[in-house]
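Each chain is listed here by its residues.
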Amino acid sequence: MSLKALKLTLVKAWPGALWLIIVAGPLVILRVNEITGRVEFVAERVVKLLVGAFLAAFLWGLFRQLSGSPEGRKGNPPPLKRLGLSALIGAFISLKVNALNKSRLFWVIVALCLLFFPLMTSPYALKVATSVLIYIALGLGLNVIVGLSGLLHLGFAAFYGVGAYAYALLGHYLGWGFWVCLPLGGLAAALLGLALGLPVIRLTGDYLAIVTLGFGEIFRLLLTNLDVTFGPRGIGQIAPPGFFGLDLNQTFKPFLEANIGLNPAMDLNKVWIYLIVLGLVALSVKVASRLENSRLGRAWLALREDEIAARAAGVNIAFTKLTALALGSFFAGLAGVIFAAQITFINPPSFSFMESIYILVIVVLGGQGSIPGIILGATIITVLPEFLRGSDNYRLLIFGGLLVLMMVFRPQGLLKRGR
Amino acid sequence: MLPSDAPTAGNPILSTHNLSMRFGGLLALSEVSLAVKRGSITAIIGPNGAGKTTLFNCLTGLNNPTSGLITYRPQEGQTVNLTHGSLDKAARLGLARTFQNIRLFNELTVLENVLIGLHSRLKAGLWGALTGNKKTRAEEALALELANDLLQKQGFGDLTKVLAKNLPYGLRKRLEITRALAAQPTILLLDEPAAGLNGGEAQDLIKLIREVKSEGNLTIILIEHDMSLVMSVSDEVHALEYGRLIASGTPAAIQRDERVIKAYLGEE
């Protein structure tokens, strides 16, 4: 490698370093004092940050040169990378800087970006983004059960499946539409949550985990073996959600393509689903944060911390557990209906034990009980495998490693629940 | 129906009648009949293993007695049978308690601990929590105010946002009492409140007990080994030994009681 190339790498490292400073800077130089709850500025870390960022960017450039990556590639990075980067930047900025969290303008910008995202991107990236949102909804649901109430639930995918199958079957047999099935799917899941909750009110910890695990497997086996659900073949041709009876692709697509530059490969039905789930997630975040600071939310936390002390404070354990299970399952049911509409074909393996584990990982990775943590966790868990697509076989291995590292270095999750 | 010979003299707020509690082969309480006067401070004393905590657990519904009767009269003319109660029901009826091994919500803040203590005084249910309607918001604001006031008064001024597990021992004990007080109980049951406290902290505790008693229309029952505390604050003392009630009376009378002296010091 010539000296000139090395020089070039040195120069080119600057923009990368700057980017790193913007993204990771707040994480390094700001520290939350756990006693006072204030954000403190740590001056002595600034030098570390500058040197570290530059070094990292330089090494990355060197690595790219040595590994023979196309140097000086023109044009935009592929859409997925753009999505991943913007998601990560957005997540870090919104979660770490408290001042921004409170500014209304910031949230308006975030909302606009998310709303107009489909116009600027490819169908593939949109699909990934929709998945992220669905997993956020699932994570928020499971968070009520595991994160806030401390009930270890290993069969959560079953409730997700109830929503999805409710829509698919009601659509197939009765011809019911998306908007009728959305609340019905949620309610069906909530009722099943209650049905599971009643016999296990007295169980906690490992015993509850075993029961929920078994419950999830029973559900999947039922789906596989019943004729009504078309067994392992699954159900296809699930209708997209309606929009006032209009065919979206015929009505709006030519206009959007001509005037706004919509990607011609984009299916407007998918865009509509993205927008629906975006609205639903926004609503869920709102409701979830409200729940956390309510009498019921505190009862869940009390239940998690010490059941006897909670009872001594007058908390009705049965009611508290049942509402947690029902409400968490309701979220999952809604997510299931949207999942079915998005993917248009569902079969039992979509709701396997692994799926339950993925959702659990989102909650644990993000930080139990923390809503920003769940958003970050869902993004990582959904986007990371897309990056790792080449090494598909190692995906689970990498996940496992990630979890072990998490438990060693940050057992409270990436973003701890703030107060 | 109550048996006619239930101890009702002097209109006690809480009384037990022939209360027995058996754990397998162990008779933890044996035919204990006692009455707690309304507005009094009553101490339960006895050597380790005498059944004091079991008595507390029966009174607050954590355990249900094998036989016997517990009668609670929250107000004049109102009678509640607590014999087969449960911990949360007793709490909602106005019996707040602390535990011998402090039971705080460790991963929650001091403020959250007290807010949970307020649980039985608030009404918001699932619907209120989901919609965050006006009534719920007003109630939540009131709860915050009540909790903060109480914490200020109990000297937790700057510590409301600290996690309960990070408090020093003395403050943890105090927080548990504060949490119980948040429920505005009719009867406060303290299980060894002075255990592990140093001299100054114990003095503060005595002050606290006298204060809360004089401010609220509160009845206090406490289990305690610290005899100077028992003798200085209590109106009446009940002594237990091997699950039996061996003596009841004023502190002065209990100090002279031969069976109590025997239970504590042994025979010659």
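Residues take numbers from 1 onward in each chain, read along the sequence in its written order. Chain labels run from A onward and ligand labels from 1 onward, assigned in the order the entries are written. Local features are withheld for residues below a pLDDT of 70 in this predicted model, meaning they are given only at 70 or higher, and side-chain atom pairs are given and counted only at 80 or more; totals for whole chains, interfaces and linings count all residues.

(A) Spatial organisation of the overall build of chain B. Comment: elements are numbered from the N terminus, with helices defined as DSSP H or I runs of at least four residues and strands as E runs of at least two. When you go through chain B residue by residue, the secondary structure sums to ten helices and ten strands. The C-alpha extent of chain B, read off along each of the three principal axes, is 65 × 45 × 35 Å. Taking all 268 residues of chain B together, 43% fall into the buried category. Taking as baseline every contact in chain B between residues at least 6 positions apart, the subset at least 24 positions apart corresponds to 68%. With C-beta atoms placed from the backbone, a residue counts as buried when 20 or more other C-beta atoms lie within 10 Å of its own, as exposed when 12 or fewer do, and as partly exposed for counts between those limits. Distance between backbone-placed C-beta atoms decides contact: two residues are in contact if it is within 7 Å.

(B) Quick look at the overall build of chain A. Each helix and strand in chain A was counted, giving 17 helices and two strands. Taking contacts inside chain A between residues at least 6 apart in sequence as the whole, the part at least 24 apart equals 78%.

(C) Here's a closer look at the interface of chain A and chain B. Across the boundary between the two partners, chain A contributes 26 residues, which contact 28 residues of chain B. Put simply, the parts of the chain that give the side of chain A that touches chain B at least two residues each are helix 11 (268-292), helix 12 (295-305), helix 13 (307-312) and helix 14 (317-343) of chain A. By residue number, the principal contributor to the side of chain A that touches chain B is helix 12 of chain A, which donates eight residues. Partitioned by chemical class, the residues of the side of chain A that touches chain B number 13 nonpolar, six polar and seven charged. Each residue gets one of three labels, nonpolar for Ala, Val, Leu, Ile, Met, Phe, Trp, Tyr, Cys and Pro, charged for Asp, Glu, Lys and Arg, and polar for the others, Gly among them.

(D) Inspection of the sheet that holds strand 10 (residues 244-249) of chain B at higher detail. All names here are of chain B. Whether two strands pair depends on DSSP finding at least two bridges between them. Judged by pairing direction, the sheet is mixed, and its six strands sit side by side in the order 6-7-8-3-9-10 without closing on themselves. Either end of the sheet is taken by a strand with one partner, and the two such strands are strand 6 (95-97) and strand 10. The mean inter-strand angle of the sheet, taken between neighbouring strand axes irrespective of direction, is 20°. Bridge analysis of strand 7 (residues 187-191) against strand 8 (residues 219-223) gives five bridges, and the strand direction is parallel. Within the sheet, the bridge partner assigned to Ile-187 lies in strand 8 and is Thr-219. For helices, the axis comes from a line fit to the C-alpha atoms of the stretch in contact; other axes are also lines fit to C-alpha atoms, and the angle between any two N-to-C directions lies between 0 and 180 degrees.

(E) Highlighting the pairing of strand 2 (residues 26-36) of chain B. All names here are of chain B. With seven bridges joining them, strand 1 (residues 14-23) and strand 2 adopt antiparallel strand pairing. Of the residues in strand 2, the one forming a bridge with Thr-16 is Leu-34. Here strand 1 hands over to strand 2 after two residues, with Gly-24 in that stretch at a positive phi of 55°.

(F) Main features of the domain arrangement of chain B. Residues and elements named next belong to chain B. For chain B, the assigned domains are domain 1 (1-94 + 185-268) and domain 2 (103-184). Broken down by element, the side of domain 1 that touches domain 2 gets its largest block of residues, three residues, from helix 7 (residues 199-215). In terms of residue class, the side of domain 1 that touches domain 2 is made up of eight nonpolar, one polar and two charged. Here the limits of each domain have been adopted from an automatic or database domain assignment.

(G) The confidence of the model for chain A, seen in detail. pLDDT expresses, on a scale from 0 to 100, how confident the predictor is about each individual residue. On average, residues of chain A score 80 in pLDDT, and 82% of them reach the 70 mark or higher. Note on residues 69-77 of chain A: pLDDT under 50 across the span, and four contacts to partners over four residues away in sequence or across chains.

(H) Spatial organisation of the sheet that holds strand 2 of chain B. Residues and elements named next belong to chain B. The four strands are arranged 2-1-4-5 in an open sheet whose pairing can be described as antiparallel. At either margin of the open sheet sits one strand with a lone partner, and together these are strand 2 and strand 5 (80-81). For strand 4 (residues 67-72) and strand 5, the ladder comprises two bridges, and the chain directions are antiparallel. Following the sheet pairing, Tyr-72 is matched in strand 5 by Val-80.

(I) Region of the structure containing helix 7 (residues 156-174) of chain A. The end-to-end C-alpha distance of helix 7 of chain A is 27 Å, a good match for the 27 Å that 19 residues give at a rise of 1.5 Å each. Where helix 7 of chain A terminates, the next one or two residues include Gly175(A), which has phi positive at roughly 70°. An expected span of 1.5 Å times one less than the residue number is assigned to each helix.

(J) Fine view of the packing of helix 12 of chain A against helix 3 (residues 110-117) of chain B. The contact between helix 12 of chain A and helix 3 of chain B brings their axes to 10 Å, and the two run at 105°. Taken together, the axis directions place helix 12 of chain A and helix 3 of chain B in an arrangement best described as roughly perpendicular. Contact with helix 12 of chain A, carried on its side by Arg298(A), Leu301(A) and Ala302(A), involves Glu112(B), Leu115(B) and Ile116(B) of helix 3 of chain B and no other residues of that element. Relative orientations are named as follows: roughly parallel for angles under 35 degrees, roughly antiparallel for angles over 145 degrees, roughly perpendicular for angles from 65 to 115 degrees, and oblique for any other angle.

(K) Just unusual backbone geometry, in detail. Residue and element names in this part refer to chain A. Look at Phe-230: it is not a glycine, yet its phi comes out positive at around 65°. Of note, Phe-230 is situated in the loop between helix 9 (205-225) and helix 10 (248-259). Phe-230 sits in the partly exposed class, given 19 other C-beta atoms within 10 Å. Positioned with a positive phi, Thr-344 is a non-glycine residue whose angle comes to about 60°. The class for Thr-344 is partly exposed, based on 15 C-beta atoms found within 10 Å.

(L) Representation of the pairing of strand 8 of chain B. Residues and elements named next belong to chain B. By the criterion of burial, strand 8 is predominantly enclosed, with five of the five residues buried. Going residue by residue along strand 8, you find Thr-219, Ile-221 and Ile-223 tucked away on one face and Ile-220 and Leu-222 tucked away on the opposite face as well. The pairing of strand 3 (residues 41-45) with strand 8 spans four bridges and is parallel. Paired with Thr-42 across the strands is Ile-221, a residue of strand 8.

(M) Structural context of the environment of Thr178(B). Residue and element names in this part refer to chain B. You can see Thr-178 is positioned in helix 6 (residues 169-182). Along the sequence, Thr-178 and Ala-147 sit 31 residues apart, while their C-alpha atoms lie 9.4 Å from each other. Once residues within four sequence positions are removed from consideration, Thr-178 is found in contact with Val-114, Leu-150, Leu-151 and Gln-154.

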